[in-house]
Number of protein chains: 4
Amino acid sequence: MNNTQPFMLVAGAGAGLGQSLLRRFQAGGYTSIGLVRSLPEGKTDLELRQVDLSHTETASALITELITTYGPPQVVVHNTAQLVIQPFAETTLDDFEQCWQSMVKTAIVVAQSVLEPIVRGGGGAFIVSGATASLRGSAKFSAFASAKFALRGLTQSIAREYQPAGIHVVHTILDGIIDTERSRLLHSLDPAKMLKPEDIAEVYWQLAHQPTSAWSHEIDLRPYTESF
Amino acid sequence: MNNTQPFMLVAGAGAGLGQSLLRRFQAGGYTSIGLVRSLPEGKTDLELRQVDLSHTETASALITELITTYGPPQVVVHNTAQLVIQPFAETTLDDFEQCWQSMVKTAIVVAQSVLEPIVRGGGGAFIVSGATASLRGSAKFSAFASAKFALRGLTQSIAREYQPAGIHVVHTILDGIIDTERSRLLHSLDPAKMLKPEDIAEVYWQLAHQPTSAWSHEIDLRPYTESF
Amino acid sequence: MNNTQPFMLVAGAGAGLGQSLLRRFQAGGYTSIGLVRSLPEGKTDLELRQVDLSHTETASALITELITTYGPPQVVVHNTAQLVIQPFAETTLDDFEQCWQSMVKTAIVVAQSVLEPIVRGGGGAFIVSGATASLRGSAKFSAFASAKFALRGLTQSIAREYQPAGIHVVHTILDGIIDTERSRLLHSLDPAKMLKPEDIAEVYWQLAHQPTSAWSHEIDLRPYTESF
Amino acid sequence: MNNTQPFMLVAGAGAGLGQSLLRRFQAGGYTSIGLVRSLPEGKTDLELRQVDLSHTETASALITELITTYGPPQVVVHNTAQLVIQPFAETTLDDFEQCWQSMVKTAIVVAQSVLEPIVRGGGGAFIVSGATASLRGSAKFSAFASAKFALRGLTQSIAREYQPAGIHVVHTILDGIIDTERSRLLHSLDPAKMLKPEDIAEVYWQLAHQPTSAWSHEIDLRPYTESF
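Residues numbered from 1 in each chain as written. Chains lettered and ligands numbered in written order. Predicted model: local features only at pLDDT ≥ 70, side-chain atom pairs only at ≥ 80, totals over all residues. Heavy atoms only, no water.

- Under an unreviewed UniProt entry, the name given to chain A is Oxidoreductase, short chain dehydrogenase/reductase family, and the source organism is Acaryochloris marina.

### Some thoughts on the overall build of chain A
Argument step 1. Helix and strand counts for chain A come out as 6 helices and 7 strands.
Argument step 2. Listing every helix and strand of chain A by position from the N terminus yields β-α-β-β-α-β-α-β-α-β-α-α-β.
Argument step 3. Taking 228 residues into account, the globule formula puts the C-alpha radius of gyration at 17 Å, and chain A, at 17 Å, falls close to it.
Argument step 4. The dimensions of chain A, computed from C-alpha atoms along their principal axes, are 50 × 40 × 35 Å.
Argument step 5. Accessible surface, chain A: about 8,700 Å² in total, of which carbon and sulfur atoms supply 49%.
Argument step 6. Side chains of chain A carry 17 positive and 22 negative charges; the gap between the two charge centres is 3 Å. (Helix = DSSP H or I, 4+ residues; strand = E, 2+ residues; numbered from the N terminus. Rg over C-alpha atoms; globule rule 2.2 N^0.38 Å. Areas by Shrake-Rupley, 256 points an atom, 1.4 Å probe, with all protein chains shown as cover. Lys, Arg positive; Asp, Glu negative; His and termini not counted. Charge placed at Lys NZ, Arg CZ, Asp CG, Glu CD.)

### Details of helix α2 (residues 56-70) of chain B
Residue and element names in this part refer to chain B.
Argument step 1. With 15 residues, α2 extends 21 Å from end C-alpha to end C-alpha; this agrees with the ideal 21 Å at 1.5 Å per step.
Argument step 2. Along α2, the residues that are buried comprise Ala59, Leu62, Ile63, Leu66, Ile67 and Tyr70. Down the axis of α2, the smallest arc covering the buried residues is 140°, so these residues share one side. In α2, those exposed residues whose orientation departs by more than 90 degrees from the buried face are Glu57 and Thr68.
Argument step 3. Backbone geometry just downstream of α2 places Gly71 in the positive-phi region, at approximately 90°. (Expected span 1.5 Å × (residues − 1). Buried < 20%, exposed > 50% of the residue type's maximum accessible area, 1.4 Å probe, protein only. Arc of directions from axis to C-beta.)

### Comments concerning the pattern of salt bridges
Argument step 1. Taken as a whole, this structure holds 35 salt bridges over all chains when the rule is applied.
Argument step 2. Residue Arg222(C) is joined to Asp175(C) by a salt bridge in which the shortest nitrogen-to-oxygen separation is 2.7 Å. Here Arg222(C), found in the segment after β7 (218-221), pairs with Asp175(C), found in the loop between β6 (167-174) and α5 (181-186); they are 47 residues apart in sequence, far enough to count as distant.
Argument step 3. Take Asp175(C): its relative accessible area is 6%, and that puts it in the buried class.
Argument step 4. For Asp45(D), the salt bridge goes to Arg23(D), with nearest N and O atoms at 3.0 Å. Here Asp45(D), found in the loop between β2 (31-36) and β3 (47-50), pairs with Arg23(D), found in helix α1 (residues 17-27); they are 22 residues apart in sequence, far enough to count as distant.
Argument step 5. Taking relative accessible area as the criterion, Asp45(D) reaches 53% and is therefore assigned exposed.
Argument step 6. Residue Arg23(D) is classed as partly exposed on the basis of its relative accessible area, which comes to 38%.
Argument step 7. One salt-bridge network, held together by shared partners, links Asp175(A), Asp220(A) and Arg222(A). (Salt bridge = Lys/Arg side-chain N within 4 Å of Asp/Glu carboxyl O.)

### A short note on the packing of aromatic side chains
Argument step 1. Taken as a whole and judged by the stated rule, the model has 30 aromatic pairs over all chains.
Argument step 2. Here Phe7(B) and Tyr70(B) contribute two aromatic rings whose centre-to-centre distance is 5.2 Å and whose plane-to-plane angle is 45°, an arrangement assigned as tilted. Here Tyr70(B) lies in helix α2 and Phe7(B) lies in strand β1 (residues 7-11), a separation of 63 residues in the sequence.
Argument step 3. Given a relative accessible area of 1%, Phe7(B) falls into the buried group.
Argument step 4. With a centroid separation of 5.6 Å and 80° between ring planes, the pair formed by Tyr30(C) and Trp205(C) is classed as edge-to-face. Residue Tyr30(C) is found in the loop between α1 (17-27) and β2 (31-36), and its partner Trp205(C) is found in helix α6 (residues 197-208); the two are separated by 175 residues along the sequence.
Argument step 5. What makes Tyr30(C) buried here is its relative accessible area of 6%. (Phe/Tyr/Trp six-rings, centres within 6.5 Å; stacked < 30°, edge-to-face > 60°.)

### Thoughts on helix α3 (residues 93-120) of chain C
Argument step 1. For α3(C), with 28 residues, the first-to-last C-alpha span of 39 Å sits near the 40 Å given by 1.5 Å per residue.
Argument step 2. Most of α3(C) is tucked away: 20 of the 28 residues are buried.

### Side note on the interface of chain A and chain D
Accessible area lost on assembly of the parts is the figure often given for the size of an interface.
Argument step 1. Taken together, the contact between chain A and chain D spans 26 residues of the former and 26 residues of the latter.
Argument step 2. Where chain A abuts chain D, roughly 2,500 Å² becomes buried across the two surfaces, and 54% of that area is made up of carbon and sulfur atoms.
Argument step 3. Interface area lost by chain A to chain D is led by Ser213(A), Tyr224(A) and Phe228(A), which between them contribute 29%.
Argument step 4. On the surface where chain A and chain D come into contact, there are 16 residue pairs in polar contact (both at pLDDT 80 or more).
Argument step 5. Of all the secondary structure elements, the ones that give two or more residues to the side of chain A that touches chain D are α4 (142-162), α6 (197-208) and β7 (218-221) of chain A.
Argument step 6. By residue number, the principal contributor to the side of chain A that touches chain D is β7(A), which donates 4 residues.
Argument step 7. Along the lines of polarity and charge, the residues of the side of chain A that touches chain D split into 13 nonpolar, 7 polar and 6 charged. (Contact = heavy atoms within 4.5 Å. Buried area = accessible area lost by both parts, 1.4 Å probe. Polar contact = N/O pair within 3.5 Å; in protein donor to acceptor, adjacent residues only side chain to side chain. Nonpolar A, V, L, I, M, F, W, Y, C, P; charged D, E, K, R; others polar.)

### Side note on the side chain of His171(D)
All names here are of chain D.
Argument step 1. Within the secondary structure, His171 is located in strand β6 (residues 167-174).
Argument step 2. On the basis of relative accessibility, which here comes to 0%, the residue His171 falls in the buried class.
Argument step 3. A distance of 2.8 Å separates polar atoms of two side chains, one belonging to His171 and the other to Glu218.

### Some remarks on the relation of the copies chain A and chain B
Argument step 1. With an RMSD of 0.0 Å, chain A superimposes on chain B once it is rotated by 180° and translated 0.0 Å along the axis. The two molecules are tied by a two-fold rotation axis, judged by turn and shift. Relative to the rotation axis, the closest C-alpha in chain A is found at Ala150(A), a distance of 2.3 Å.
Argument step 2. The residues that chain A uses at the interface reappear at the interface of chain B in 100% of cases, marking a shared surface. (Least-squares fit on C-alpha atoms with pLDDT ≥ 70 in both.)

### Overview of the packing of helix α4 (residues 142-162) of chain C against helix α4 (residues 142-162) of chain D
In a packed pair of helices, the relevant descriptors are the angle between the two axes and the axis-to-axis distance.
Argument step 1. For the pair α4(C) and α4(D), the least separation of the axes is 7 Å and the interaxial angle reads 150°. Considering their axes alone, α4(C) and α4(D) lie roughly antiparallel with respect to each other. The element α4(C) and its partner α4(D) pack so that their crossing is right-handed. Contact with α4(C), carried on its side by Ser142(C), Ser146(C), Phe149(C), Ala150(C), Arg152(C), Gly153(C), Leu154(C), Gln156(C) and Ser157(C), involves Ser142(D), Ser146(D), Phe149(D), Ala150(D), Arg152(D), Gly153(D), Leu154(D), Gln156(D) and Ser157(D) of α4(D) and no other residues of that element.
Argument step 2. Residue composition of the contact of α4(C) with α4(D), by class: 6 nonpolar, 10 polar and 2 charged. (Axes fitted to C-alpha atoms, helices over the stretch in contact; angles between N-to-C directions. Parallel < 35°, antiparallel > 145°, perpendicular 65-115°, else oblique. Left-handed = near helix turned anticlockwise from the far one by under 90°.)

### Focus: the interface of chain A and chain B
Argument step 1. Across the contact, 37 residues belong to chain A and 37 residues belong to chain B.
Argument step 2. With both sides pooled, the region where chain A packs onto chain B buries about 3,000 Å², and carbon together with sulfur makes up 64% of that total.
Argument step 3. Summed over the shared surface of chain A and chain B, the number is 2 salt bridges.
Argument step 4. For the pair chain A and chain B, the number of links is 18 residue pairs in polar contact (both at pLDDT 80 or more).
Argument step 5. Those elements that place two or more of their residues in the side of chain A that touches chain B are α3 (93-120) and α4 of chain A.
Argument step 6. Among the elements that make up the side of chain A that touches chain B, the one with the highest residue count is α4(A) (13 residues).
Argument step 7. Residues belonging to the side of chain A that touches chain B are distributed by class as follows: 18 nonpolar, 11 polar and 8 charged.

### Quick word on the relation of the copies chain A and chain D
Argument step 1. In screw terms, the move from chain A to chain D is a rotation of 180° and a rise of 0.0 Å along the axis, fitting with an RMSD of 0.0 Å.
Argument step 2. Most of the interface of chain A is mirrored in chain D: 100% of its interface residues are interface residues there too.

Here it is as structure tokens:
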């Protein structure tokens, strides 16, 4: 690992999009580090750090330590997820709190740990993964949609505060199921109709490198077969 | 008080919109009861009950007791508010949690206490007060907007689950400052340019009585001078 | 007819919403006049004037004549419609032009004939009927949706110019099929699942009388059974 | 020019974005042809064809002829513009018709000339340039916004019909002033705060090459200094 390489951080680097992002930026010359709630079994070529991002102090301390080692990140992606699908009457307060903690609180903790260093480091990109439920509260999605809506509002507010200071803030709408081993088990959907994590990662790479004259704030992505 | 009157509940019945709602529905023949975090000083002609709506068990027990006494409510308004305006870097996790608890958690607790009784009672209306920040995360509004966005996603999800069962679910966008004694002190704005709580209350009355053939889900309200 | 009554004009007063509006405002003490492309057969108790609103000069002259007789209108509703549903490949330029002329051009002609008189007359309301297709361009709706989108953009622009001058400008989203003799023949839909024109008319009445402290700009209306 | 190269067509290839697109795709190995209302003075290295796209038959014939020569295009960009900024009361019907004809009618004509050939050719991309006014009808923008709204509705409808058939349909929101010689004269804006046409062209290149697993339908682009 080379300290002079640009540093890229993925908060929520499970199998799927998170790890494809680490690989894409690594291939592009970045030191890519992923924060995960639990380390995968077996060996991996990826740089992963185990941390519960909703433990504010632990998470902040780890990120600060990484910044000390690698410098301020040039690209940070927030990509944690916690899907809850059930009728509102059966959704407990704990479900709502879990969704909020795992998707909103973690974004707050990460953003507050990286934004000021990125400004001091001369700018960078902060990309947040949203979903269909960021725009639409469907039946049975009350816990998930309310957290994803919250994350979108937070991201917009951060964009309006930090873009003039040189941080490109992006919110993506991932409108479809991401193709992972787990989603193939969960959904009886033709994998050809799923979002490929490496294709999304390529778009994040492009977004992270948009010149300051042409920044996207919100962009949707869906398989060509997905109705919308 | 007359047990055969329709019952109307306002969660968040402070001075301003909450109390204007109680008065409007009382004038229309409802038994109107307001839930407040702290009782106002002095006498009031309004029926107010002190409760911290984020204390799930206490709040649920009180609402259940009210339903036992007055029957399922025909109209429930969620109208709690907690405004935080400050740069993201100065906004603490506690600010975010306070905003979420006071505006989102309370809506969950109230909704889970009233929706099934309303269905069993034959239908009714559930109206949630949103704000400009429900649609737009402005600079310095990260905590407030993320909670208001969450509340909007929650309300949409509830609408899609409960409208077919006869509960009219409405989300309002209150785009402007509501004229109260407190807001006159806080804002150096001509009161003629503020939303009058009694005018908003009239619209809520109309919404609560829309026939099933023509239900609004989202409606904005602003003073005619407000730019948008 | 009494010249001291407030004057209300409906552009597009066919059977259904247009005529229900005339009746509702007539019942409320207005002189209500409807502009129609073709007069209905048989007698009617409504005041209807035949005019092709896309004939700019004829239409402007008629409206100006009405204003000379009745004074500036206090309420104007634009409610013309021309539905085209077919694949884009089969939709001719003529279809697009017809949709634009019948829904957008007519709104321009009416607005330019009434807005300045309304301002001079001390204010009033200008309400435009939109549809689901005002927000969403669905498959097979290219001609209709592009015209309805155009009408929405136009209405927003008019709102931002004329609200400070005292004209309340509203755009409604009528999300469902309006129950008329004709729609019952065209659609095999349970009439209980249709928007009742008299219920919509009541909402327009309420919108037209919102006090200046609390004006709605956009409001959706749908039967409680309609999914959205 | 090489007939085996992929063919790319820009409808509206004036100085600025249109010509940057031709250059970007030319550099990427495409035969890039621009349709312009009037040919620029002096020599150019670009392949430009003069045509009034609102002359349906002439325009269709020319596009059909190009397809006969170069095969179905793999990328088509609609990028015509006609800006009108003036109060509604001073905006004539002719202004509205000009805006509609130059931005909406031209898109219809181009789309109807290329979409079926693209399907038969195995797929491709159809990208439409929108603007801030595609989402918001501001004061003084009635003619421009109503046309841009119409174009967005049209594009959505085309997307929903043609994406399953393999045509990637994109609508961009260009939120800012594009840096051209002409816009530097018109606007007293620091060029560093303008959208660079070559930066937008790069994004269009990326969009045109998104794999079928991850298609964007709408994407905004603005200079980092632009408030939104």
